[in-house]
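A structural walkthrough
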Protein chains: 2
Amino acid sequence: MSKELIFGHQSPDTDAIVAAKALSYLENKLGRDTEAVALGEPNEETKFVLDHFDEPAPRIIEKASAEVEDVMLVDHNEPQQSVSDIADVTVTHVVDHHRIANFNTAQPLFYRAEPLGCCSTVIYKMFKENNVEIPAKLAGLMLSAIISDTLLLKSPTTTQTDVDVVKDLAKISGTDYEAYGLDMLKAGTNLASKTETELIEADAKSFNLNGSTVRVAQVNTVDLAEVFDRQAAFEAAAKAENDANGYDLFLILATNILDSNSELLVVGAPTAPVEAAFGKKIENNRISLPGVVSRKKQVVPPLTDAFNA
Amino acid sequence: MSKELIFGHQSPDTDAIVAAKALSYLENKLGRDTEAVALGEPNEETKFVLDHFDEPAPRIIEKASAEVEDVMLVDHNEPQQSVSDIADVTVTHVVDHHRIANFNTAQPLFYRAEPLGCCSTVIYKMFKENNVEIPAKLAGLMLSAIISDTLLLKSPTTTQTDVDVVKDLAKISGTDYEAYGLDMLKAGTNLASKTETELIEADAKSFNLNGSTVRVAQVNTVDLAEVFDRQAAFEAAAKAENDANGYDLFLILATNILDSNSELLVVGAPTAPVEAAFGKKIENNRISLPGVVSRKKQVVPPLTDAFNA
């Protein structure tokens, strides 16, 4: 059996990095030969997590097919979110918690998705099903991924399973998850040291919505003014990304992780489906979205419906 | 939580019928409200199985959206193999053992696929993971599905997991699986009483291969002469199906289940990719395929490659 690479999506967040490490540990215990890699540098939050648990950052790859024939995907399945030469390798395993879109295979494969708050929660279940023990350090990393994806269990994507798994992983890793989680989330909102381009590319995903390429970035903060004091510069950065990459529309979801409210900055066209999606007019290129914290659950589905209407 | 329907693919085989019943039993034990239905009449083999274990045939549906909003798919995911109004309902669960193709969702869902010989083998694993006991009668049905899909564990799709699960299900159901399995497979090869159209539609699937709609039927027999004594009539039936349904190409895989050899009857166009797929010339509309018994593993992948070449 030849070696396989395991990786999460481009612009990796904490779950994309950690889920690859967790699945690689599990698959190697089950007798496969895998290496967890990443499609980009860890973001500020992930660096805090890796430092805290004394875990090295994964090797970053640009392409997969030069090294391996087979790969495993975590935390994504859509090809445009994956490695650039995904069409040249065979996907043997997917573990995910997103919708399935434009993912096609020639052969049967292992595919495990559940509508849970975090990919690492799905992998936790797979450890249990296979009777493989989770080491304390890995438990701390997986705990961090769930806290990241669920904004400390406050996002509407959070399920009872995520809550139960967080408690068990906190116990295994000996972590006070509420105090640690707040420190971790705050570490990811250090906006002052970053350029607008860095901030909007740190956690961004592309979606093909009825023919339009829509880029949706999320920027977490503890104060929305931190973002909108720099609104003109964010707009310029988004426009430059649209021009350079052929995106039709760039949406920046700025989220206050303390009070769970967001403001959406809209750059590009068409804007009518965005207004239709949220039932509000865009003013000063912005739409206020109180109570919205989840790109996956509260932003992409209404956008998808509006673009297809 | 509103009721959901669970069904396998059109032209259901034993696994499509049984996997729906097995998943429905499991999901109902887990607290959901589901009903196993089917997209067509049970075939001769499935009737033998249902009779043997004194189990009623499932209700047959033409459409799903008039009754429910949500459905679960077993043993398939490709929309053209599913209920005709699949676009009008939400798929919440898929359990499958096939490739993934043209399957897209707006929302995260539960998706469980493994490259095992039978969908019922995947569902057996889910019973174990959820600590739900399999009743003796359901064990007999699931055993039958695995025997059917793996041709009594002889198909190249058979994995060690299928073998282990067959042995456990035989024990739970108190079945001598080798003797029963042979009787069951023979019951499915009663060709004399059926018209050619009935025989080619009893286990047929459509595939979109690089723009061509290719229908691949499998007809099991204990003597290939039983099929090819009627070759002209099979060709006429396939041509009529092509004309009526817009298929470009109709392939009839006639398989001798005793010696694991097949002969492929080719009706329609293009034929060049079929010859390329198997590295042989079509003679008298036929290609001899010794050792080929699996549509999924030995027919569709080389066809897919040849059509995309």
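Cut-offs applied
Residues numbered from 1 in each chain as written. Chains lettered and ligands numbered in written order. Predicted model: local features only at pLDDT ≥ 70, side-chain atom pairs only at ≥ 80, totals over all residues. Heavy atoms only, no water. Helix = DSSP H or I, 4+ residues; strand = E, 2+ residues; numbered from the N terminus. Contact = heavy atoms within 4.5 Å. Polar contact = N/O pair within 3.5 Å; in protein donor to acceptor, adjacent residues only side chain to side chain. Least-squares fit on C-alpha atoms with pLDDT ≥ 70 in both. Buried < 20%, exposed > 50% of the residue type's maximum accessible area, 1.4 Å probe, protein only. UniProt positions renumbered as here; feature names shortened; annotations may be inferred. Buried area = accessible area lost by both parts, 1.4 Å probe. Salt bridge = Lys/Arg side-chain N within 4 Å of Asp/Glu carboxyl O. Domains from an automatic or database assignment. Phe/Tyr/Trp six-rings, centres within 6.5 Å; stacked < 30°, edge-to-face > 60°. Lys NZ or Arg CZ within 6 Å of the ring centre and 35° of its normal. Pairing = 2+ DSSP bridges. Axes fitted to C-alpha atoms, helices over the stretch in contact; angles between N-to-C directions.

Turning next to the environment of A:Ser173. Residues and elements named next belong to chain A. Mapped onto the elements, Ser173 comes out in helix H5 (residues 160–173). Along the primary structure Ser173 and Pro135 are separated by 38 residues, whereas in three dimensions their C-alpha atoms are 7.9 Å apart. If sequence neighbours within four positions are ignored, Ser173 has contacts with Ala136, Ala139, Gly140 and Leu143. A polar atom in the side chain of Ser173 sits 2.7 Å from the backbone oxygen of Leu169.

We now examine the relation of the copies chain A and chain B. Taken as rigid bodies, chain A and chain B are interconverted by a rotation of 180° and an axial shift of 0.0 Å, the fit giving an RMSD of 0.0 Å. Classification of the inter-copy transformation places it as that of a two-fold axis. The C-alpha atom lying nearest the rotation axis in chain A is that of A:Arg112; the distance is 2.4 Å. Looking at chain A, 100% of its interface residues are interface residues in chain B too, so the copies touch through the same face.

Moving on, we come to the environment of A:Asp176. With respect to the element layout, A:Asp176 can be found in the loop between H5 and helix H6 (177–187). Taking the C-alpha atoms as reference, A:Asp176 lies 24 Å from A:Val293; in sequence the two are 117 residues apart.

Glancing now at unusual backbone geometry. Between A:Ala269 and the following residue, A:Pro270, the backbone shows a cis peptide bond with an omega angle of 0°. Mapped onto the secondary structure, A:Pro270 falls in the loop between strand S10 (261–268) and helix H10 (272–278). Located in the positive-phi region is B:Asn210, a residue other than glycine, with phi close to 50°. Residue position: B:Asn210 is located in the loop between strand S7 (204–209) and strand S8 (212–221). On the basis of relative accessibility, which here comes to 54%, the residue B:Asn210 falls in the exposed class.

Okay, the UniProt feature "binding site: Mn(2+) 2" (unreviewed entry) in chain A next. Residues and elements named next belong to chain A. In the UniProt entry, the feature "binding site: Mn(2+) 2" (unreviewed entry) is given for Asp15, Asp75, His97 and Asp149. For the residues just named, distributed over 135 residues, the greatest C-alpha separation is only 10.8 Å, placing them together at one site. Tracing the sequence through the fold places Asp15 in helix H1 (residues 14–29). Those residues in contact with Asp15, other than ones at most four positions away along the chain, are Ala20, Asp75, His97, Cys118, Cys119, Ser120, Ala145 and Asp149. By the element assignment, Asp149 lies in helix H4 (residues 136–150). The contact partners of Asp149, leaving out residues within four places of it in the chain, are Asp13, Asp15, His97, Gly117, Cys118, Cys119, Ser155 and Thr157.

Contacts between the two partners involve 22 residues from chain A, matched on the other side by 22 residues from chain B. Buried area between chain A and chain B, summed over both chains or domains, comes out near 2,000 Å², and the portion from carbon and sulfur atoms is 58%. A per-residue breakdown of the area chain A buries against chain B is headed by A:Ile100, A:Pro108 and A:Tyr111, which together make up 25% of the total. Along the contact surface separating chain A from chain B lie zero salt bridges. Here chain A and chain B share six residue pairs in polar contact (both at pLDDT 80 or more) between them.

Turning our eyes to something else, we now look at the domain arrangement of chain A. Residues and elements named next belong to chain A. Under the domain assignment, chain A is made up of domain 1 (4–186) and domain 2 (196–308). On a C-alpha basis, the centres of domain 1 and domain 2 stand 25 Å from each other. On the side of domain 2, 21 residues touch domain 1, which itself brings 19 residues to the contact. A buried area of about 1,700 Å², summed over both sides, lies between domain 1 and domain 2, and 55% of it is on carbon and sulfur atoms. At the junction of domain 1 with domain 2, the criterion picks out zero salt bridges.

Considering all chains together, one arrives at eleven aromatic pairs over all chains under this definition. An aromatic cluster of three or more residues is present, and its members are A:Phe103, A:Tyr111, B:Phe103 and B:Tyr111. The positively charged end of A:Arg286 is found above the aromatic ring belonging to A:Phe228, 3.9 Å away from the centroid.

Turning to the pattern of salt bridges, a few remarks are in order. In a structure, side chains of opposite charge can pair up when their charged atoms sit close to one another. A full pass over the atoms with the stated rule returns 38 salt bridges over all chains. When the shortest N-O distance is used, the salt bridge between A:Lys239 and A:Asp243 registers 3.0 Å. With A:Lys239 and A:Asp243 both in helix H9 (residues 231–245) and four residues apart, the pair spans about one turn of that helix. Close ionic contact of B:Glu67 with B:Arg59 constitutes a salt bridge, the shortest N to O distance being 2.8 Å. When salt bridges that share partners are traced, they join A:Lys3, A:Glu35, A:Arg59 and A:Glu67 into one network.

Turning to the UniProt feature "domain: DHHA2" (unreviewed entry) in chain A, a few remarks are in order. Feature annotation in UniProt places "domain: DHHA2" (unreviewed entry) on residues 181–307 of chain A, given in this structure's numbering. The span residues 181–307 of chain A carries 43% helix and 28% strand; its end-to-end C-alpha distance comes to 36 Å.

Here we take up the sheet that holds strand S10 (residues 261–268) of chain B. All names here are of chain B. Strand order in the open sheet formed by five strands is S7-S8-S9-S10-S11, and the pairing between neighbours is mixed. Whereas interior strands pair on both sides, the edge strands pair on one side only; in this sheet they are S7 and strand S11 (286–289). Taking each pair of neighbouring strands and ignoring which way they run, the sheet shows an average axis angle of 20°. Inspection of the sheet shows strand S9 (residues 249–256) paired to S10 by eight bridges, in the antiparallel sense. Across the sheet, Leu251 pairs through a bridge with Val266, a residue of S10. In the packing of helix H9 (residues 231–245) onto the sheet, contacts are made with S9, S10 and S11, and the angle to S10 comes to roughly 50°.

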